[in-house]
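Here are the chains, one letter per residue:
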Amino acid sequence: MRVENKSKRDLSIDGAKFATLWLVVFGHVLVFYDIETPSLFNMVETPVYLVDQLVRAIYSFHMPLFFILAGMVYRPKDFCLKFIYTKVKRLLLPALLVFVCFMIPVLKFLGYYEPLTWKNFVFNDGLRHVWYAHTLFCIFVLNRILDELKIPPVVKLLAAAVVFFSHPAFPIHGLTGNIIYFQMGEVFGKKFNCSPVVWLMAGGIFLLVFNFGAIHLTGQMGQDLYDLTLALTGSLFFFNIAKHLKYHFHEQLGVYLLHPMLIYLFQSVLKDKSIEAWPWIISVTIISFCMAMLLTKLYHKVISLAFMS
């Protein structure tokens, strides 16, 4: 899939974001069919072929890859306050708007809503899929402040590594385990775009660690190394495949925010029906992604018309 690149964007990164988002939607559908993974409810009572392995594999690197990609394109040009204001307007406010106006009503309708307070919104606690937007916003703000203090990217990466392995009791959820990936994206950037020998080797390491690493890497440090290795090798392998899409995807945030509740609604309708798992896994993935994209396009259209009038 190719589009004309009028803005001189790196479309390989856009293509990787597009493919990774499909992976996110697919993974969110799969958990309903994995009896070992906590979800709102399970669609099956017995294991479905390949589902548990795919859930483990996808969840080991899909969100780290999103943070890596965000770090790759982090090149702030605006002064600090304007940068933060832009991120509030384009990232944080849309996420909170979707959470309040769409996620909460759907969860209440399905009977799974748990009341929240202002502390949940401030500290990113219990916000379900909005956690990513909240965490990314905090990482952007922290990086922009550190840039103002003239802290080099390599020093930020080293600090993030210390945070990752030391597990400090940080009040805002989501930061300690994910900021390292953003900083890796900022520091290494285009080095993720590597030769086939390198990314195929990364894929081989991923398979080895995925299948045997948990046995040999024990304790907290071992678990951290296990998670980090899977996240980096899986991201490197998947990025170098997905980069060839070269597709600028305008609806990324909207699809990410809207698709979970669409999946919940579809699965709640299907949960009492005796159906084959894999046809519905594929169908719900495609329908949820496409509907979320259409709703996002509609939102952008309404906003543009409102500002034109």
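Residues numbered from 1 in each chain as written. Predicted model: local features only at pLDDT ≥ 70, side-chain atom pairs only at ≥ 80, totals over all residues. Heavy atoms only, no water.

A. A look at the overall build of the protein. Assigned secondary structure in the protein consists of 11 helices and 0 strands. Beginning at the N terminus, the succession of helices and strands in the protein can be written as α-α-α-α-α-α-α-α-α-α-α. The globule rule puts the C-alpha radius of gyration for 309 residues at 19 Å, and the 20 Å found for the protein is close to it. Taken along its principal axes, the extent of the C-alpha atoms in the protein is 60 × 60 × 45 Å. (Helix = DSSP H or I, 4+ residues; strand = E, 2+ residues; numbered from the N terminus. Rg over C-alpha atoms; globule rule 2.2 N^0.38 Å.)

B. View of the side chain of Thr285. Residue position: Thr285 is located in helix α11 (residues 277–308). The class for Thr285 is buried, based on a relative accessible area of 5%. (Buried < 20%, exposed > 50% of the residue type's maximum accessible area, 1.4 Å probe, protein only.)

C. Highlighting helix α7 (residues 179–188). Judged by how many residues are buried, α7 sits mostly within the fold: 8 of 10 residues are covered. Restricting attention to buried positions, one finds in α7 the residues Ile179, Ile180, Tyr181, Phe182, Gln183, Met184, Gly185 and Glu186. Elements that come into contact with the buried residues of α7 comprise α2 (51–72), α5 (131–148), α6 (153–166) and α9 (219–242). Of the residues one or two after α7, Gly189 is the one with positive phi, at around 45°. (Contact = heavy atoms within 4.5 Å.)

D. The arrangement of the packing of helix α1 (residues 11–30) against helix α10 (residues 252–270) in detail. Interhelical geometry of α1 versus α10 gives an angle of 20° and a closest axis separation of 10 Å. As far as their axial angle goes, α10 and α1 are roughly parallel. When the axes of α1 and α10 are compared, the crossing they make is right-handed. From α1, Lys17, Leu21, Val24, Val25, His28 and Val29 reach across to α10, where they touch Gln252, Val255, Tyr256, His259, Pro260, Ile263 and Gln267. Looking at the contact of α1 with α10 residue by residue, the classes come out as 8 nonpolar, 4 polar and 1 charged. (Axes fitted to C-alpha atoms, helices over the stretch in contact; angles between N-to-C directions. Parallel < 35°, antiparallel > 145°, perpendicular 65-115°, else oblique. Left-handed = near helix turned anticlockwise from the far one by under 90°. Nonpolar A, V, L, I, M, F, W, Y, C, P; charged D, E, K, R; others polar.)

E. How the structure looks around the packing of aromatic side chains. Taken as a whole and assessed by the stated rule, the structure comprises 23 aromatic pairs. For the pair Phe61 and Phe238, a centre-to-centre distance of 5.8 Å together with 50° between the ring planes defines the contact as tilted. Taken together, the residues Phe61 in helix α2 and Phe238 in helix α9 connect sequence positions 177 residues apart. There is no split in this pair, since Phe61 and Phe238 are both buried. When the ring of Phe66 is compared with that of Tyr132, the centres are 5.6 Å apart and the planes differ by 40°; the resulting orientation is tilted. Taken as a pair, Phe66 in helix α2 and Tyr132 in helix α5 lie far apart in primary sequence, 66 residues in all. Phe66 gets classed as buried once you look at its relative accessible area, which sits at 2%. A network of ring pairs unites the aromatic residues Phe66, Phe67, Trp131, Tyr132 and Tyr256 as a single cluster. (Phe/Tyr/Trp six-rings, centres within 6.5 Å; stacked < 30°, edge-to-face > 60°.)

F. Quick peek at helix α8 (residues 196–216). Here α8 contains 21 residues, and its C-alpha end-to-end distance of 28 Å stays within 8% of the 30 Å for a straight helix at 1.5 Å per residue. Along its length, α8 reaches its greatest deviation from straightness, about 45°, at Phe210. Listing the buried residues of α8 in full gives Trp199, Ala202, Gly203, Phe206, Val209, Phe210 and Gly213. Lining the buried residues of α8 we find α2 and α9. (Expected span 1.5 Å × (residues − 1). Bend = angle between axes of the 7 residues up to and from the residue.)

G. The arrangement of unusual backbone geometry in detail. Although it is not a glycine, Asn124 adopts a positive phi angle of roughly 60°. Located in the positive-phi region is Lys150, a residue other than glycine, with phi close to 65°. Assignment of secondary structure puts Lys150 in the loop between α5 and α6.

H. Seen up close, the pattern of salt bridges. Taken as a whole and judged by the stated rule, the model has 4 salt bridges. Linking Arg144 and Glu148 is a salt bridge whose minimum nitrogen-to-oxygen distance equals 3.1 Å. One end of the pair, Arg144, and the other, Glu148, are both in helix α5, 4 residues apart, so they sit about a helical turn from each other. Between Lys156 and Asp147 there is a salt bridge, and its shortest N-O distance comes to 2.8 Å. Salt bridges sharing common partners tie together Asp147, Lys156 and Glu186. (Salt bridge = Lys/Arg side-chain N within 4 Å of Asp/Glu carboxyl O.)

I. Structural detail: the environment of Phe170. Locating Phe170 in the fold gives a position in the loop between α6 and α7. Not counting chain neighbours up to four residues away, the residues in contact with Phe170 comprise Leu175 and Thr176.

J. Highlighting a nonpolar patch on the surface. The grouping of Val197, Val198, Met201 and Ile205 at the surface amounts to a nonpolar patch, some 360 Å² of accessible area in total. For Ile205, the location among the structural elements is in helix α8. (Patch = residues over 30% accessible without salt bridge, like charges linked within 9 Å, V, L, I, M, F, W, Y side chains within 5 Å. Areas by Shrake-Rupley, 256 points an atom, 1.4 Å probe, with all protein chains shown as cover.)

K. Structural view of the environment of Asp224. Relative to the helices and strands, Asp224 is located in helix α9. A sequence separation of 36 residues divides Asp224 from Pro260, and the C-alpha atoms of the two residues are 28 Å apart. In contact with Asp224, other than residues within four places in its own chain, are Phe164, Phe165 and His167.

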